[in-house]
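These are the residues of each chain, in order.
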Amino acid sequence: MEPDKNGVAENTAWFDPFTRWMLIIMLAILAMIFIAAKYMDLHGMPAGGTDDAVNAMASHAAHASAHPFINLPGDAQVGAFSIANFFAGLIVGHNWQKLFGRKKEG
Amino acid sequence: MKHKSGAVLLLAMALLIPANAYAMHIEDGILPPSAWILWYGVMILFIIPGIREIKRRVQENLSYKPFLAMIGVAVFVISSMHLPVPVTGSCSHPCGTPLAAIVVGPFATAVISAIVLFFQALFLGHGGITTIGANDFSMGIAGGISGYLCWKILTRFNAPLWLAGGIAGFAGDVMTYLTSAFELALNLHGHISLLRQWMIFFAGYGPTQLPLAVAEAIFTAAVLQVMYNRRPDLLPGIAGRRGIFSKNANAEARG
């Protein structure tokens, strides 16, 4: 296959070593999260945030109500995190390529 | 006796209260204005040299700008990751600031951590606007500097990089939560001694955070080892002293 003007065709394997390693690491972490979450679910553990528990404790000690600056209800939080992390991934990838990408010979 | 039972009650609350939201960092409303203004002031004392450090290193190294951008965003993502810890039945997050302090500098980390905390508070409902100073001091300054110092001391004694990075990650993570607990205790200890209240708050964080500190140690060590293999010139003080250059650095040197 002839490479396009960016030389992409030379490197279009489905699972190049970088992608393969990233997928392996991601799946390993997701598997650990799944197992931990399943264990906590089976044992009726609340799985709440530690920071939040300590904030509640501090609120009690301070006799004041703690609150985040905004409160994202339900799936809005998942949406906000997904958007933030999607663009964070793009920025990291863009700069990763600048810093760690292999230079073309010649 | 009364103090002891109060301490036990607070500890039980920390471990047993079910949380409805999954908030992170210290939130608005807990610290009185005198406290959060103080922590803002302390933060500014580190932000000013941080801006100077960024300006200086941008002049020294062309790679520093994209590196700082990448590390800043990485700290945002890492400190947003709520990971479940089945031992305690709760979730918490790593910090990423020990790694940041090693690679972009401890004062620059105070700057990027403040920006990260601002965006997390404003858009994700994590932390608070009034508590950015306190949260930056614990995560960006205490966590970053402690990790940085561990790294510097261990590499000076020629410890393996993975070991130096791992200990830096672990120490930075634990120090972040020790400092958070101290900030809360300093203002809220009331009639209980400061030390006792500090340990009560840390006992709230500790059981979940210690396994995550181990994870942060492994992550920090792995990233530093990969960086050392690919771009040791980006690790300040390492390439020169150990006399090792990456293929990229050699290629650049050859022009």
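Residues numbered from 1 in each chain as written. Chains lettered and ligands numbered in written order. Predicted model: local features only at pLDDT ≥ 70, side-chain atom pairs only at ≥ 80, totals over all residues.

> Explain the overall build of chain B residue by residue, including any values.
Within chain B one finds 10 helices and 2 strands. Each helix (α) and strand (β) of chain B, taken in turn from the N terminus, gives the series α-α-α-β-β-α-α-α-α-α-α-α. Burial analysis of chain B (255 residues in total) assigns 52% to the buried set. (Helix = DSSP H or I, 4+ residues; strand = E, 2+ residues; numbered from the N terminus. Buried ≥ 20, exposed ≤ 12 C-beta atoms within 10 Å, placed from the backbone.)

> Run through the overall build of chain A, naming residues and quoting values.
In terms of regular secondary structure, chain A is built from 3 helices and 0 strands. The linear arrangement of helices and strands in chain A, starting from the amino end, is α-α-α. Burial status across chain A gives 20% buried among its 106 residues.

> Kindly report on the interface of chain B and chain A, identifying the contributing residues and their values.
Residue-level contacts link 56 residues of chain B with 46 residues of chain A. Residue assignment for the side of chain B that touches chain A shows that the elements contributing at least two residues are helix H1 (2-16), helix H3 (64-78), strand E1 (83-85), strand E2 (90-92), helix H5 (106-123), helix H7 (161-188), helix H8 (194-230) and helix H10 (247-254) of chain B. Counting residues per element, the side of chain B that touches chain A draws most heavily on H3 of chain B, which supplies 8 residues. (Contact = placed C-beta atoms within 7 Å.)

> Account for unusual backbone geometry, with residues named and values stated.
Residues and elements named next belong to chain A. The phi dihedral of Ala-47 is positive, around 60°, even though this residue is not glycine. Residue placement: Ala-47 occurs in the loop between helix H1 (17-42) and helix H2 (50-62). Judged by local crowding, Ala-47 falls into the buried class, with 21 C-beta atoms found within 10 Å. For His-63, which is not glycine, the phi dihedral falls at a positive 55°.

> Please provide a residue-by-residue account of the packing of H2 of chain A against H8 of chain B, values included.
Interaxial distance between H2 of chain A and H8 of chain B falls to 9 Å at its minimum, and their mutual angle equals 170°. As judged from the angle between their axes, H2 of chain A and H8 of chain B are roughly antiparallel. Residues Thr-50, Ala-53, Val-54 and Met-57 of chain A of H2 of chain A form the contact with H8 of chain B, whose participating residues are Phe-201, Gly-204, Tyr-205, Thr-208 and Gln-209 of chain B. Taken together, the residues of the contact of H2 of chain A with H8 of chain B break down into 5 nonpolar, 4 polar and no charged. (Axes fitted to C-alpha atoms, helices over the stretch in contact; angles between N-to-C directions. Parallel < 35°, antiparallel > 145°, perpendicular 65-115°, else oblique. Nonpolar A, V, L, I, M, F, W, Y, C, P; charged D, E, K, R; others polar.)

> I'd like a description of helix H4 (residues 97-104) of chain B, backed by residues and values.
Residue and element names in this part refer to chain B. The buried count for H4 comes to 8 of 8 residues, which makes it a mostly enclosed element. Within H4 the residues assigned to the buried category are Thr-97, Pro-98, Leu-99, Ala-100, Ala-101, Ile-102, Val-103 and Val-104. Count one or two residues on from H4 and you reach Gly-105, which has phi positive near 110°.

> Break down the environment of Asn-71 of chain A for me, citing the residues and quoting the values.
Residues and elements named next belong to chain A. Within the secondary structure, Asn-71 is located in the loop between H2 and helix H3 (75-100). By the C-beta count within 10 Å, which is 12 here, Asn-71 ends up exposed. On a C-alpha basis, the gap between Asn-71 and Trp-96 in space is 33 Å, while along the polypeptide they are 25 residues apart.

> An account of H1 of chain A is requested, with residue identities and associated values reported.
Residues and elements named next belong to chain A. With 26 residues, H1 should reach 38 Å at 1.5 Å per residue; the first-to-last C-alpha distance of 37 Å fits that figure. Of all 26 residues in H1, 2 are buried; the element is thus mostly exposed. Downstream of H1 by a residue or two, Gly-44 has a phi angle that is positive, lying close to 65°. (Expected span 1.5 Å × (residues − 1).)

> Let's hear about the packing of H5 of chain B against helix H6 (residues 132-156) of chain B: which residues, and what values?
Residue and element names in this part refer to chain B. Orientation of H5 relative to H6, taken along the N-to-C sense of each, is 145°, at an axis distance of 9 Å. The way H5 lies across H6 gives a crossing that is right-handed. The residues of H6 that touch H5, namely those facing Pro-106, Thr-109, Ala-110, Ser-113, Ala-114, Leu-117, Phe-118 and Ala-121, are Ile-132, Asn-135, Asp-136, Met-139, Gly-140, Ile-141, Gly-144, Ile-145 and Tyr-148. Per-class residue counts for the contact of H5 with H6 are 11 nonpolar, 5 polar and 1 charged. (Left-handed = near helix turned anticlockwise from the far one by under 90°.)

> Tell me about the confidence of the model for chain B, and please be specific about residues and values.
Residue and element names in this part refer to chain B. Looking at chain B, the pLDDT average stands at 84 and 84% of residues meet or exceed 70. Scored below 50 in pLDDT, residues 7-21 makes 27 contacts in the model with residues more than four places away or belonging to other chains. Every residue in residues 243-255 scores below 50 in pLDDT, and together they form 15 contacts with partners more than four places removed in sequence or on other chains. Model confidence for the complex is summarised by a pTM of 0.83, with the ipTM given as 0.81. (pLDDT = per-residue confidence, 0-100.)

> Explain the confidence of the model for chain A to me, and be specific about the residues and the numbers.
Close inspection of predicted coordinates is inappropriate for parts of the model with low pLDDT. On average, residues of chain A score 83 in pLDDT, and 84% of them are at 70 or above. Here H2 of chain A is the element of chain A with the lowest mean pLDDT, 85, and H1 of chain A is the one with the highest, 91.

> Give a detailed account of the environment of Trp-39 of chain B, specifying residues and quantitative values.
All names here are of chain B. Residue position: Trp-39 is located in helix H2 (residues 33-60). Residue Trp-39 is classed as buried on the basis of its 24 C-beta neighbours within 10 Å. Along the chain, Trp-39 and Val-73 lie 34 residues apart, while their C-alpha atoms are 24 Å from each other.

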